[in-house]
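# Structural overview for review
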Amino acid sequence: MKNWDVIIIGAGVIGLSLALRLRDEHRSVLVVEKHEPAGEATHAAGGMIANCDPHTPAILQPFADASAALYPEFVHEIESESGESTDLRDVGTIAFFGRGNSPTHAAARKLSVDELRTLEPALAVETEILITCLYPDAETPLPVFKVPSVAVEMHGPPWFLPERCVDPRALGRALTKACKKRAVDFATGSEVLEVLTAAGRAMGVRTSHATYHAAAVVNCAGAWAAKILPLAIPTRPVKGQMVCVVPQTSPSSAPRIPSSGIRGSEMIRHVVRTPGIYIIPRSDGRILLGATVEDAGFDKRTDPRTIQRLYQAGLHVAPILSSTRIHDAWAGLRPGSPDNLPILGETAIPAYFAATGHYRDGIMLAPATADAMAQLITGQQPFLDLAPFSSSRFA
Ligand SMILES: Cc1cc2nc3c(=O)[nH]c(=O)nc-3n(C[C@H](O)[C@H](O)[C@H](O)COP(=O)(O)OP(=O)(O)OC[C@H]3O[C@@H](n4cnc5c(N)ncnc54)[C@H](O)[C@@H]3O)c2cc1C
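Anyway, here's the lowdown on the structure attached to this text. The shown structure was predicted, so the numbers you read here are calculated from the model rather than taken from an experiment.

### Describing the overall build of the chain
From N to C terminus, the chain includes 9 helices and 18 strands. For the chain, the share of sequence-separated contacts (at least 6 apart) that also reach a separation of at least 24 residues comes to 74%. Accessible area for the chain stands at about 17000 Å²; split by element, carbon and sulfur atoms hold 54% of it.

### Quick notes on the side chain of H358
On the secondary structure map, H358 appears in the loop between strand 18 (352-356) and helix 9 (362-377). Engagement of the side chain of H358 in a polar contact is seen with the side chain of T369, the distance being 3.0 Å. Beyond its immediate stretch of four places on either side in the chain, H358 contacts I14, P335, P342, L344, L365 and T369.

### A few points about the site of the ligand
Near the ligand there are 37 residues, and of these E33, T42, M48, Y359 and R360 occur at the shortest range. Within the backbone of Y359, an N or O atom sits 2.8 Å from an oxygen atom of the ligand. Here the shell around the ligand is built from residues that sort into 19 nonpolar, 11 polar and 7 charged.

### Here we look at the packing of helix 3 (residues 61-82) against helix 7 (residues 168-181)
Contact pair helix 3 / helix 7: the axes reach a minimum separation of 8 Å and the direction vectors enclose 60°. Viewed along their axes, helix 3 and helix 7 adopt a mutual orientation that is oblique. Crossing angle aside, the handedness with which helix 3 passes helix 7 is left-handed. The segment helix 3 lies against helix 7, with Y71, F74, I78, E81 and S82 engaging L171, A174, L175, K177, A178 and K181. Residue composition of the contact of helix 3 with helix 7, grouped by class: 7 nonpolar, 1 polar and 3 charged.

### Some words on the sheet that holds strand 6 (residues 158-161)
The strand order across the open sheet formed by 8 strands is 5-6-4-13-14-15-12-16, and the pairing between neighbours is mixed. In this open sheet, the two edge strands, each paired with only one partner strand, are strand 5 (109-110) and strand 16 (324-336). Strand direction decides the pairing type here: strand 5 and strand 6, joined by 2 bridges, are antiparallel. Following the sheet pairing, K110 is matched in strand 6 by W159. Contacts from helix 8 (residues 304-317) reach strand 12 (236-247), strand 13 (271-273), strand 14 (278-281), strand 15 (287-290) and strand 16, with the element oriented near 55° to strand 12.

### Notes on the environment of R164
With respect to the element layout, R164 can be found in strand 7 (residues 164-165). In this structure R164 comes out as partly exposed when scored by relative accessible area, which is 25%. Beyond its immediate sequence surroundings of up to four residues, R164 is in contact with G47, M48, I49, A68, P72, L88, R89 and D90. There is a polar contact of 3.5 Å between the side chain of R164 and the side chain of D90.

### A word on the side chain of D53
Mapped onto the elements, D53 comes out in the loop between strand 3 (48-49) and helix 3. At a separation of 2.7 Å, a polar atom in the side chain of D53 contacts the side chain of H55. Among residues more than four places away in sequence, those in contact with D53 are Q61, F97, E163 and R273.

### Points about the packing of aromatic side chains
The relation between two aromatic rings is expressed through the spacing of the ring centres and the mutual angle of the planes. Tallied over the full model, the rule gives 4 aromatic pairs. Taken together, a centroid distance of 6.2 Å and an interplanar angle of 70° make the contact between W4 and Y212 edge-to-face. Residue W4 is found in strand 1 (residues 3-9), and its partner Y212 is found in strand 11 (residues 211-219); the two are separated by 208 residues along the sequence. Aromatic side chains Y71 and F74 sit 5.3 Å apart centroid to centroid with 80° between the ring planes, which places their arrangement in the edge-to-face category. Linking Y71 with F74, this pair stays in helix 3, spanning 3 residues, or about one helical turn. Y71 gets classed as buried once you look at its relative accessible area, which sits at 0%. The ring of W330 carries R169 above its face, with NZ or CZ at 4.2 Å from the centroid. For the cation-ring pair, K180 lies above F186, with the distance from its terminal atom to the ring centre recorded as 5.3 Å.

### Some points on the environment of G156
Here G156 shows up in the loop between helix 6 (150-155) and strand 6. With 59 residues separating them in the primary sequence, G156 and F97 have C-alpha atoms 6.6 Å apart.

### Some remarks on the nonpolar core
I8, L18, L171, V218, M373 and I377 are the most contacted members of the largest nonpolar core, which totals 49 residues. Only strand 1, helix 1 (13-24), strand 2 (29-33), helix 3, helix 7, strand 11, strand 18 and helix 9 provide two or more residues apiece to this core. For this core, the element with the most residues is helix 9, which contributes 9 residues. Apart from the residues lying within four places of it in its own chain, the contact partners of V218 are V6, I7, I8, I9, L18, F353, A354, A355, M373 and I377.

### Comments concerning the pattern of salt bridges
Counted by the stated rule, this structure contains 22 salt bridges. With a shortest N-O distance of 3.0 Å, E163 and R273 are connected by a salt bridge. Highlighted residues: E163 in the loop between strand 6 and strand 7 and R273 in strand 13, separated in sequence by 110 residues. R273 shares its class with E163; the two are buried.

### Here's the deal with helix 1
If you check helix 1, its first and last C-alpha atoms are 17 Å apart, about what 12 residues at 1.5 Å a residue would give, namely 16 Å. Most of helix 1 is tucked away: 10 of the 12 residues are buried. Among all positions of helix 1, only V13, I14, G15, L16, S17, L18, A19, L20, R21 and L22 are buried. Two residues or fewer after helix 1 comes H26, characterised by a positive phi angle close to 65°.

Scoring rules and cut-offs
Residues numbered from 1 in each chain as written. Predicted model: local features only at pLDDT ≥ 70, side-chain atom pairs only at ≥ 80, totals over all residues. Heavy atoms only, no water. Helix = DSSP H or I, 4+ residues; strand = E, 2+ residues; numbered from the N terminus. Contact = heavy atoms within 4.5 Å. Areas by Shrake-Rupley, 256 points an atom, 1.4 Å probe, with all protein chains shown as cover. Polar contact = N/O pair within 3.5 Å; in protein donor to acceptor, adjacent residues only side chain to side chain. Near = heavy atom within 4 Å. Nonpolar A, V, L, I, M, F, W, Y, C, P; charged D, E, K, R; others polar. Axes fitted to C-alpha atoms, helices over the stretch in contact; angles between N-to-C directions. Parallel < 35°, antiparallel > 145°, perpendicular 65-115°, else oblique. Left-handed = near helix turned anticlockwise from the far one by under 90°. Pairing = 2+ DSSP bridges. Buried < 20%, exposed > 50% of the residue type's maximum accessible area, 1.4 Å probe, protein only. Phe/Tyr/Trp six-rings, centres within 6.5 Å; stacked < 30°, edge-to-face > 60°. Lys NZ or Arg CZ within 6 Å of the ring centre and 35° of its normal. Core = buried A, V, L, I, M, F, W, Y, C linked by side-chain atoms within 4.5 Å. Salt bridge = Lys/Arg side-chain N within 4 Å of Asp/Glu carboxyl O. Expected span 1.5 Å × (residues − 1).

In structure tokens, the structure reads:
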């Protein structure tokens, strides 16, 4: 009977990234996945690497910054190994945090309205109509006024954040390929029901079809982590609906954004975040609008009215999107935890580890999670202090 050094439960971005790192440490790895790799939250995610966001809890900030800094190297390795692009974009984020809210991250920079117009013309709403309405009887020609855009009026001053974003679906495909190339074993279509123990230590897993044995087991089962016996690692599903739009016309004939020269596939260049909606452009011309945050159990259905609301909110911030059509919509389940911080480290059962609960940031936090967890599992000192993320905080 084959024995592995480590069994990873769940082939999302966390499990796959960890599998690669463990191979770097010359450990044999089996990933057990109940469906197909990277088909759940990882497939549904937007892919923002939002380490400059003021909503990041202070305790998570060093982790977020470390992971964001690791991204170019992480992606470079996966792309070279797999031969697949992950569409890592380094253009930056334009963010509106609402009046009275400012980012505290040292890298955040406030933008003037002129800078905003130059960086992202799609967000600027020209106001000549407004001026003629205000002064319908003016006899002398009116000067051309530039007034703040609707986005600025609605959501406070704009900020530039030097953040990256990635295409999580492409990342998931590339990670899976890279893992297979690096001799990670997979058992797909196998749901882990229970972690097996002997003399109080984890020694394998039981699935619906078989049992597999290993010296250590890691629960990377995302929103489903709590279902695996014998410990309830306390994750919960937090539903997010999202919509993808594409230009109605081919990129070469797509409308030109006034005074910008930007066409079709570059309708919007930056990630744009407002309190109500975020917009994520991909290099192939797709534009994602997201996302809801819902407590809806394991329900992954989309609601047409919610999808329309997301689209309308996107149009409001970037009216250029009126020349797009809805291409696709989906919902995914983020792995939330009781305090919405990750759950990382060894559990109460020796040799049984958890790496889950990454909530809204699992794509961003994957490289640092993989490095730190691989170090912990192989008996090294993790480069980040994992103590604040221990599952013992819920005991
Ligand atoms: C709409 C939306 C937008 C998001 N946007 C972003 C973003 O912009 N940036 C960001 O950083 N994060 C974002 N996230 C969050 C991110 O997607 C998650 O934090 C991340 O994908 C979690 O990865 P994971 O590997 O833990 O979970 P998952 O990707 O869900 O993977 C868990 C895997 O475990 C498998 N599994 C579960 N139970 C079992 C079992 N018993 N046996 C075997 N296999 C099992 C599942 O099938 C699944 O493949 C978003 C999420 C959503 C839903």
